[in-house]
Amino acid sequence: MNNDELDARLRAATQSNNYTTSANVIERAVASRRRPVREWLATSSPAARRNLGGTAAAVAALALILPAAFPTQAPLFSLSANSQSAASGLAADSLVGGDAKMMMPFVTYNYIAGPDLSTEGGRGLVYRFELDGDVQQRAREIADALGIEGELAKSTYFDEMYPTWVIGPEDGTRENLTVTWSGTGSWWYNNPAAYPEQKCIDPGQPGDVVGDDLTESCSQYEAPITDKNPSEADASGYALELFTSLGYAGTKDQLTVYRDEWGTTVTASEIVNGQRIALDWSMYWGGNGEIAYIGGQSARAVEAGEFATISPTAAVARLADWRWFGSAPMDGVPWMSARSYSVGGDAIVGDETDATTEPSTDPTAEPTAEPTVEPEPSVEPAPVPTESVDPGLTPEPLPTPTVMDLIISKAVPQMLMVWDSNGGAWLVPGYIMTGDEGWPTAVISLIDGVIELPEPMPIEPAVID
């Protein structure tokens with residue numbers, strides 16, 4: 001067999017009905033100065049050449065099968081480094097500074113998967129939020145429902161990433177409506193009349209001033225108006241009617257109502273695929289019976305695909321990386337322990353007085369005729385150092401964080417909200433991870449590669465004053 005015939009057969013062997021190799025790859029191989037493949041074929045035995053042919057065919061077949069079995073795909077979206085999800089979960093583990101660096105925490109956790117956690121992965125739906133209509137139409141719809149007049153204009157806080165529009169003044173002189181046309185299209189109605197200025201009933205002495213602005217003092221104001229806000233039943237009925245007219249798709253049993261003499265609050269959580277998510281509508285009446293604020297959304301959740309998820313056991317490792325955190329609904333989240341706290345409840349143990357506490361001075365007691373004169377403290381001369389020491393050569397030792405083992409014993413599936421680098425909002429599958437100590441943590445369960453994570457932040461020691 002001559003070399004030209006061998007070159008032709010090599011080229012023919014690379015051809016396939018389903019795959020074509022770049023011509024210059026073969027040209028470089030046959031035109032190589034050493035040409036080791038050609039030399040080997042020309043000098044090897046027929047059996048060796050047959051074995052090579054079978055191996056090459058198997059490798060070529062495997063090269064065709066692997067892309068079909070394990071398709072590569074670009075990330076669905078890029079997670080924002082300033083995502084709201086970064087504030088969720090164990091936020092106390094690290095403090096993020098303004099220079100995009102993480103400060104070393106005083107306590108770090110060694111997360112350990114409990115024996116009862118599942119090792120099975122699964123699949124979960126991803127949703128993206130799409131805005132309905134345009135901002136002009138949406139703002140006018142809300143304004144008409146609330147009885148607000150005026151033209152829509154760019155807010156003084158307008159930003160191209162988070163375009164914000166407003167109807168009404170922004171100086172707090174009267175009611176206004178603010179609409180942000182990105183993410184979930186959140187909107188906000190504010191009414192200053194719900195917080196009327198209290199009249200002064202004791203202006204104090206003439207000439208008294210408070211602060212640097214020479215404002216006249218007032219030692220007593222009239223009591224604020226309270227307990228004029230609607231009942232729970234009236235508030236929930238009115239809120240549901242208004243929310244529904246503006247696009248809320250929930251029902252009355254999805255409302256949460258809180259009422260006291262100072263005001264009534266109605267919260268309506270968004271429901272997606274039968275699950276409560278970290279997105280709410282809200283409405284509040286002040287104690288004088290006026291509506292103080294109303295807030296809602298302008299986007300709908302749209303399926304973006306189904307993807308594989310990792311097991312709860314595998315997700316435990318992500319608890320040490322803030323980039324995997326997501327936002328979960330506040331209500332209905334299982335707590336890690338049964339402990340509960342109330343204001344002042346843990347501080348007040350009883351009426352006993354500490355025996356080491358010095359007795360207080362009676363302000364009504366008569367002063368003694370001759371007050372006791374305290375001796376002047378003696379002043380010792382400062383020691384003179386024998387040799388100068390450069391303080392820059394002996395830095396203060398850095399604090400060593402306390403390391404605690406945290407056993408994660410339970411993982412409840414929960415859709416989590418995250419925000420992408422373009423200001424878009426998404427719902428992704430995740431877990432609420434709980435254990436015997438600490439607090440719940442919401443962690444994303446999607447396999448690697450579906451979301452492009454931001455760059456990790458460098459860890460720097462915390463500065464202690």
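Preceding this paragraph is the structure being described.
Here the structure is a predicted model, which means the values were calculated and not measured.

Student: Give me the lowdown on the pattern of salt bridges, citing residues and values where you can.
Tutor: Under the definition given, this model contains nine salt bridges. For R259, the salt bridge is made with D227, and the minimal N-O distance between the two is 3.2 Å. Of this pair, R259 sits in strand 14 (residues 255–260) while D227 is found in the loop between strand 13 (220–221) and helix 6 (232–245), placing the two residues 32 residues apart along the sequence. Relative accessible area serves as the criterion here: at 45%, D227 is assigned to the partly exposed category. Notably, a salt bridge pairs R318 with D448, separated by 3.0 Å at the nearest N-O pair. Residue R318 is found in the loop between helix 7 (312–315) and strand 19 (402–419), and its partner D448 is found in the loop between strand 21 (441–444) and strand 22 (451–452); the two are separated by 130 residues along the sequence. A single salt-bridge network, built from bridges that share partners, covers R128, E130, D132 and R300.

Student: Describe the packing of aromatic side chains, listing the residues and the values that go with them.
Tutor: Enumeration according to the criterion identifies 10 aromatic pairs in this entry. Aromatic pair F77 and W426: ring centres 4.2 Å apart, planes at 20°, arrangement stacked. In this pair, F77 is assigned in strand 1 (residues 77–78) and W426 in strand 20 (residues 425–435), connecting sequence segments 349 residues apart. Of the two residues, F77 and W426, both sit in the buried class. Through a chain of ring-to-ring contacts, three or more aromatic side chains come together here, namely W187, F243, Y248 and W281. Against the face of F158 rests K154, its NZ or CZ located 4.5 Å from the ring centre. We note R318 situated over the ring of W324; from NZ or CZ to the ring centre the distance is 3.5 Å.

Student: I'd like a rundown of the state of the cysteines, residues and numbers included.
Tutor: Going through the model one piece at a time under the given rule, you end up with one disulfide. Disulfide pairing places C200 opposite C218 at an S-S distance of 2.0 Å. Handedness of the C200-C218 disulfide follows from its S-S torsion of about 105°: it is right-handed. Residue C200 is located in strand 10 (residues 200–202), and its partner C218 is located in the loop between strand 12 (215–216) and strand 13; the two are separated by 18 residues in the primary sequence. Relative accessible area serves as the criterion here: at 35%, C200 is assigned to the partly exposed category.

Scoring rules and cut-offs
- Residues numbered from 1 in each chain as written.
- Predicted model: local features only at pLDDT ≥ 70, side-chain atom pairs only at ≥ 80, totals over all residues.
- Heavy atoms only, no water.
- Salt bridge = Lys/Arg side-chain N within 4 Å of Asp/Glu carboxyl O.
- Helix = DSSP H or I, 4+ residues; strand = E, 2+ residues; numbered from the N terminus.
- Buried < 20%, exposed > 50% of the residue type's maximum accessible area, 1.4 Å probe, protein only.
- Phe/Tyr/Trp six-rings, centres within 6.5 Å; stacked < 30°, edge-to-face > 60°.
- Lys NZ or Arg CZ within 6 Å of the ring centre and 35° of its normal.
- Disulfide = S-S within 2.5 Å.

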